[in-house]
Amino acid sequence: MKSVVKSLIGAGLMLSVGTSTADVAEDISRFQSYFLKTYPHLSLQDFQDGPYTFDADKRQQFQAVMEFPPFEDFVERGGKLWSKPFKNGKTFASCFGNDTAKVRPNFPRWDAQKSKVITLEAAIQNCLKSNGEAKWGWKKGKMAYVSAYLTTQADGQIINVVVPNNPKAQAAYEEGKKFFYAKRGQLNMACANCHIDNASKRARGNVLSAALGQTTHFPVWRGKWAKAKGDGFGTLHRRFGGCNKQVRAKPFKSQGREYSNLEYFLTAMSNGMTYNGTAYRE
Amino acid sequence: MKKTLLSLVISVLVAFSSTGVIATEMRDAEMRDANFDWNNSMSPAGQAIEAAKAENKKAKKVSFEWRDTSKMIKKATKLAKAGKIKEAIKLAKKAKRQAMNAQHQAMVAKNAGPHLF
């Protein structure tokens, strides 16, 4: 009963604040109810911590790392980039407003003018372009630092992705949904196969996270990305590409239609959860 | 006379060497299978590689290309250039199968959706 109520909160939030259709609300309710029923000892917000929710040892390690996160300097760097004036004297605030806590929760969203889903990273890039600044890479570096800064600023804000009653927005959502459930690559696996069917189970040395709550804490700092020359930071689309490569599918371009729509669907499924700031992952 | 005889011997040796035209034809003859297009002047390796490319193009069009297929096609092309025809054809056929499987995945994906709830 409690789990059903909790999942209805997620769907209800969306219906009360935005204008998403009943189909999307139904998807969210079923998605969240599945996880809450499968893991009855966990609350909706517990799923923010991904694989560390399921494994006590890994959770201890995670908590130890998060006491002195290896990414603090990069988040700080993101804050400095946010405030640093462009060549024309303006800053990012001219595009997004001054309340940094409210920036991340605005994305991903349907942009009716451009007729496509706009992610936070795409909006950052648009802001750079409109202010005559050079483009940033999509997956890491400055883009990841600023995005991580904004995710950290949004700690505690509620996720509320709206899918408006508009055929193109609905189509983008459905495309993202289909992507999530479609098997692909030589290993013939869908996102759902790992993150719904096998959530909490192991894939070699790693515990698979639940799809619920996956977007509450990106960009992430990953130990794997910190090896060799990397600084460990990466955006959500960087991770999407890595996952596709792991099932031996050719990855799509970051911030292209496929991954933007996937982000739209996946984030909507976590409606009602709160952002918990950028996080460490293995 | 001696020079003419020497030239003839060298020509025969070249023709029957691994890089000679006749040797190539004899080798290719063994590689022609049921899929070989007799109206196409391309070699068996060339045909296998082009077939793989054509199928991979279709897989890419439906957004289901696999990670390694185009690398396999490139490798098959290099193998063919190096005269390793059997290996080139084998790899090209593998790449073609991958591309066809990818297209089948795309068809199945049209009905993709949740199955546990």
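Calculation criteria
Residues numbered from 1 in each chain as written. Chains lettered and ligands numbered in written order. Predicted model: local features only at pLDDT ≥ 70, side-chain atom pairs only at ≥ 80, totals over all residues. Heavy atoms only, no water. Helix = DSSP H or I, 4+ residues; strand = E, 2+ residues; numbered from the N terminus. Rg over C-alpha atoms; globule rule 2.2 N^0.38 Å. Buried < 20%, exposed > 50% of the residue type's maximum accessible area, 1.4 Å probe, protein only. Contact = heavy atoms within 4.5 Å. Areas by Shrake-Rupley, 256 points an atom, 1.4 Å probe, with all protein chains shown as cover. Lys, Arg positive; Asp, Glu negative; His and termini not counted. Charge placed at Lys NZ, Arg CZ, Asp CG, Glu CD. pLDDT = per-residue confidence, 0-100. Phe/Tyr/Trp six-rings, centres within 6.5 Å; stacked < 30°, edge-to-face > 60°. Lys NZ or Arg CZ within 6 Å of the ring centre and 35° of its normal. Buried area = accessible area lost by both parts, 1.4 Å probe. Salt bridge = Lys/Arg side-chain N within 4 Å of Asp/Glu carboxyl O. Polar contact = N/O pair within 3.5 Å; in protein donor to acceptor, adjacent residues only side chain to side chain. Nonpolar A, V, L, I, M, F, W, Y, C, P; charged D, E, K, R; others polar. 1 Å grid on protein atoms, 1.4 Å probe; cavity = no way out; pocket = protein on both sides within 12 Å on 5 of 7 lines; lining within 4 Å. Points joined across faces, edges and corners; volume = space filled by probe spheres on them. Disulfide = S-S within 2.5 Å. Core = buried A, V, L, I, M, F, W, Y, C linked by side-chain atoms within 4.5 Å. Pairing = 2+ DSSP bridges.

Chemist: I keep staring at the overall build of chain A and nothing clicks. Help me out?
Modeler: Assigned secondary structure in chain A consists of 11 helices and seven strands. Relative to the globule expectation of 19 Å for 282 residues, the C-alpha radius of gyration of chain A, 18 Å, shows essentially globular dimensions. Structurally, chain A occupies a C-alpha span of about 55 × 45 × 35 Å along its principal axes. Counting every position in chain A, which comprises 282 residues, the buried fraction comes to 56%. Across chain A, every contact between residues at least 6 apart in sequence was considered, and the portion connecting residues at least 24 apart equals 68%. Of the roughly 12800 Å² of accessible surface on chain A, 51% is carried by carbon and sulfur atoms. The centroid of the 41 positive side-chain charges in chain A is displaced by 8 Å from the centroid of its 23 negative side-chain charges.

Chemist: Would you mind going over the confidence of the model for chain B with me for this structure?
Modeler: Where the model shows low pLDDT, its predicted coordinates should not be examined in detail. Looking at chain B, the pLDDT average stands at 87 and 80% of residues meet or exceed 70. Here the prediction assigns the complex a pTM of 0.88, and the interface score ipTM is 0.89.

Chemist: What exactly am I supposed to notice about the packing of aromatic side chains here?
Modeler: One pass over the full model with this rule turns up 32 aromatic pairs over all chains. Seen in terms of ring centroids, A:Phe86 and A:Phe92 are 5.0 Å apart; in terms of plane orientation they differ by 80°. Their pairing is edge-to-face. Each member of the aromatic cluster is reached from another via a ring pair, and the members are A:Phe31, A:Tyr34, A:Phe35, A:Tyr39, A:Phe47, A:Phe54, A:Tyr173, A:Phe180, A:Tyr181, A:Phe265 and B:Phe117. Directly above the ring of A:Phe179 sits A:Arg184, whose terminal nitrogen or CZ lies 3.9 Å from the centroid. When the ring centre of B:Phe64 is taken as reference, the NZ or CZ atom of A:Arg184 above it lies at 4.4 Å.

Chemist: Would you mind showing me how to read the interface of chain B and chain A here?
Modeler: One frequent convention defines the size of an interface as the accessible area lost when the parts assemble. Each partner contributes to the interface: chain B provides 16 residues, whereas chain A provides 21 residues. In total, chain B and chain A occlude about 1700 Å² of area from one another, counting both sides; carbon and sulfur atoms represent 58% of this. Considering only the surface of chain B that becomes buried against chain A, B:Arg67, B:Gln105 and B:Phe117 emerge as the three largest contributors, covering 37% of it. The tally of links from chain B across to chain A stands at one salt bridge. B:Glu65 serves as the salt-bridge partner of A:Lys250, at 3.7 Å between the closest nitrogen and oxygen. For the pair chain B and chain A, the interface holds eight residue pairs in polar contact (both at pLDDT 80 or more). Here the side of chain B that touches chain A is built from residues that sort into seven nonpolar, five polar and four charged.

Chemist: Would you take a moment to explain empty space enclosed by the protein for this structure?
Modeler: Rolled over the atoms, a probe sized like a water molecule indicates the empty space that remains. Under the criterion given, the structure shown has two cavities of 30 Å³ or more. As a volume, the largest cavity reaches approximately 80 Å³. Considering the residues around the largest cavity, the lining is formed by A:Arg104, A:Phe107, A:Pro108, A:Glu121, A:Ser147, A:Thr215, A:Phe218, A:Pro219, A:Leu236, A:Glu263, A:Thr267 and A:Tyr275. Roughly 50 Å³ of internal volume is contained in the second largest cavity. In terms of lining residues, the second largest cavity is bounded by A:Asp27, A:Arg30, A:Phe31, A:Lys177, A:Tyr181, A:Phe265, A:Met269, B:Pro114 and B:Phe117.

Chemist: Just checking my understanding: could you explain the pattern of salt bridges for this structure?
Modeler: Residue and element names in this part refer to chain A. One pass over the full model with this rule turns up 14 salt bridges over all chains. Residue Lys 80 pairs with Glu 76 through a salt bridge whose shortest N-O separation is 3.7 Å. Taken together, the positions of Lys 80 and Glu 76, both in helix H4 (residues 72-83) and four residues apart, correspond to about one turn of that helix. Between Arg 257 and Glu 175 there is a salt bridge, with the nearest N and O atoms lying 2.8 Å from each other. Taken together, the positions of Arg 257 in helix H11 (residues 257-268) and Glu 175 in helix H8 (residues 167-181) put the pair 82 residues apart, joining distant regions of the chain. One salt-bridge network, in which partners are shared between bridges, spans Glu 175, Arg 257 and Glu 258.

Chemist: I'm lost on the state of the cysteines in this one. Help?
Modeler: Working definition: the covalent bond between the sulfur atoms of two cysteines is a disulfide. Residue and element names in this part refer to chain A. Applying the stated criterion across every chain, the model contains one disulfide over all chains. Two residues share a disulfide in this structure: Cys 95 and Cys 127, whose sulfurs sit 1.9 Å from each other. A torsion of 85° about the S-S bond marks the disulfide between Cys 95 and Cys 127 as right-handed. Of the two residues, Cys 95 is situated in helix H5 (residues 93-96) and Cys 127 in helix H6 (residues 120-130); the sequence distance between them amounts to 32 residues. Judged by relative accessible area, Cys 95 falls into the partly exposed class, the value being 36%. Assessed through its relative accessible area of 2%, Cys 127 is described here as buried. Sulfur of Cys 191: no disulfide; nearest cysteine sulfur belongs to Cys 243 and is 7.1 Å away.

Chemist: Looking at this structure, how should I read the nonpolar core?
Modeler: By size, the foremost hydrophobic cluster in this structure holds 51 residues, and its most contacted members are A:Phe31, A:Phe35, A:Phe47, A:Phe180 and A:Ile196. Elements with a minimum of two residues in this core: helix H2 (22-38), H8, helix H9 (191-197), helix H10 (236-246) and H11 of chain A together with helix H5 (85-109) of chain B. Ignoring sequence-local partners within four residues, the contact set of A:Phe180 consists of A:Phe31, A:Ala190, A:Cys191, A:Ala192, A:Ile196, A:Ala211, A:Leu262, A:Phe265 and A:Leu266. Counting 30 residues, the second largest nonpolar core, distinct from the first, contains A:Phe62, A:Trp82, A:Val103 and A:Ala122.

Chemist: Help me understand the sheet that holds strand E6 (residues 233-234) of chain A, please; the structure alone is not making it clear to me.
Modeler: Sheet strands line up and pair through hydrogen bonds in the backbone, either parallel or antiparallel. If you walk across this open sheet you meet the three strands as E6-E5-E7 (chain A), and the pairing is mixed. The open sheet terminates on both sides in strands that have one partner only, identified here as E6 and strand E7 (279-281) of chain A.

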